[in-house]
Amino acid sequence: MASVKIGLPTGLPAYAYIILIVGLLVWFLPFPLAGWNRKTPQKRDSRWRWGLLLEVIAFALVWLVPLWSRSLSPWRIAPSVLFLLLASLLSWTGTRALGRHLRFEAAVDADHQLIRSGPYRVLRHPIYASMLCLILGTGFMVARPWLFVVALILFLAGTEIRVRVEDRLLADRFGEEFREYRRNTAAYIPLLR
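Residues numbered from 1 in each chain as written. Predicted model: local features only at pLDDT ≥ 70, side-chain atom pairs only at ≥ 80, totals over all residues. Heavy atoms only, no water.

Trainee: Please explain the confidence of the model for the protein chain as it appears in this structure.
Mentor: Residues shown with low pLDDT carry predicted positions that ought not to be read at fine detail. Counting all residues, the mean pLDDT for the protein chain is 89, and 91% of those residues have values of 70 or more. In this model, residues 3-9 is a region of pLDDT below 50 whose contacts with residues beyond four sequence positions or in other chains number one contact. (pLDDT = per-residue confidence, 0-100. Contact = heavy atoms within 4.5 Å.)

Below you can see the structure in the form of structure tokens.
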């Protein structure tokens, strides 16, 4: 007669769920609070959607694990919390600095201004940096290592598409002023242009 083992699932501890939920909510909250600019833009470039698609696939890969069956190594908690805090800080300060220029799509208006205050002093695309921190924060907590690596590659490819599309729009709109800003300011990863 075979014995049957009955045990509790090893899933994530309750505090891990709390960290993830709070981290995601605090990161997301400034976007609906700031409100999106929904006016018809002067110029837009729809190629940003390809980048967004890759980013969405990357986030889906990170979450491609039943959390109730995932154990949590203690070393994963600290980087998760750190990256979730950075993601939240960048999303709050980035949306605040953008103000009325916050858009979901890659576009510029006739009265568009080149924002260089707040986190835009250090990064040209701090909201993408916040998304990178978000995927790192959630990935360290829940992702399988090989899926995490694939997700990061896809995320970075998608973000590069979006950065290049937006940089082209801004260069067309602001000319040498933007090119100088781009030469002196990292895109979304500090110290990398």
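Structure's up, so let's keep going.
Trainee: Quick question: what am I supposed to make of the packing of helix α1 (residues 14-28) against helix α4 (residues 77-98) here?
Mentor: In helix packing, the relevant descriptors are the interaxial angle and the interaxial distance, both defined with respect to the helix axes. Contact geometry for α1 and α4: axes closest at 8 Å, N-to-C directions at 15°. The angle between α1 and α4 places the two elements in the roughly parallel class. For the pair α1 and α4, the sense of crossing is left-handed. Side by side, α1 and α4 meet where Y15, I19, G23, V26 and W27 of the first sit next to I77, V81, L84, A87, S88, S91 and W92 of the second. Among the residues forming the contact of α1 with α4, the class breakdown is nine nonpolar, three polar and no charged. (Axes fitted to C-alpha atoms, helices over the stretch in contact; angles between N-to-C directions. Helix = DSSP H or I, 4+ residues; strand = E, 2+ residues; numbered from the N terminus. Parallel < 35°, antiparallel > 145°, perpendicular 65-115°, else oblique. Left-handed = near helix turned anticlockwise from the far one by under 90°. Nonpolar A, V, L, I, M, F, W, Y, C, P; charged D, E, K, R; others polar.)

Trainee: Looking at this model, I keep getting lost on the packing of aromatic side chains. Mind explaining?
Mentor: Any pair of aromatic rings gets described here by the distance separating the centres and the angle formed by the planes. Here the structure, examined in full by the defined rule, presents nine aromatic pairs. Between W48 and F104, the aromatic rings sit 5.5 Å apart at their centres with planes inclined by 90°, giving edge-to-face as the arrangement. A residue pair is termed long-range when its members are at least 10 positions apart, and W48 in helix α3 (residues 48-62) and F104 in the loop between α4 and β2 (107-108) qualify at 56 residues. Taking relative accessible area as the criterion, W48 reaches 5% and is therefore assigned buried. For F104, a relative accessible area of 48% translates into the label partly exposed. Where F83 meets F140, the ring centres are 5.9 Å apart and the plane angle is 5°; that geometry is what we call stacked. Of this pair, F83 sits in helix α4 while F140 sits in helix α5 (residues 126-142); the two residues are 57 residues apart in sequence, bridging distant segments of the chain. (Phe/Tyr/Trp six-rings, centres within 6.5 Å; stacked < 30°, edge-to-face > 60°. Buried < 20%, exposed > 50% of the residue type's maximum accessible area, 1.4 Å probe, protein only.)

Trainee: Teacher, can you tell me more about the side chain of D167 here?
Mentor: Locating D167 in the fold gives a position in helix α6 (residues 145-174). Looking at D167, the relative accessible area reads 5%, which means it is buried. A polar side-chain atom of D167 sits 2.8 Å from a polar atom in the side chain of R124. When residues no more than four places from it in sequence are discounted, the contact partners of D167 are R124, H125, F178 and R182. (Polar contact = N/O pair within 3.5 Å; in protein donor to acceptor, adjacent residues only side chain to side chain.)

Trainee: Looking at this structure, how should I read the pattern of salt bridges?
Mentor: Should their charged atoms come close, side chains of opposite charge can pair. One pass over the full model with this rule turns up 13 salt bridges. Among the salt bridges present, the one from R162 reaches E55, with a minimum N-O distance of 2.5 Å. On the criterion of sequence distance, the pair formed by R162 in helix α6 and E55 in helix α3 is long-range, its members being 107 residues apart. The same class applies to R162 as to E55, namely buried. When the shortest N-O distance is used, the salt bridge between R124 and D167 registers 2.8 Å. Taken as a pair, R124 in the loop between β2 and α5 and D167 in helix α6 lie far apart in primary sequence, 43 residues in all. For the pair formed by R124 and D167, the shared burial category is buried. Each member of the salt-bridge network shares a partner with another, and the members are R44, R103, E105 and D109. (Salt bridge = Lys/Arg side-chain N within 4 Å of Asp/Glu carboxyl O.)

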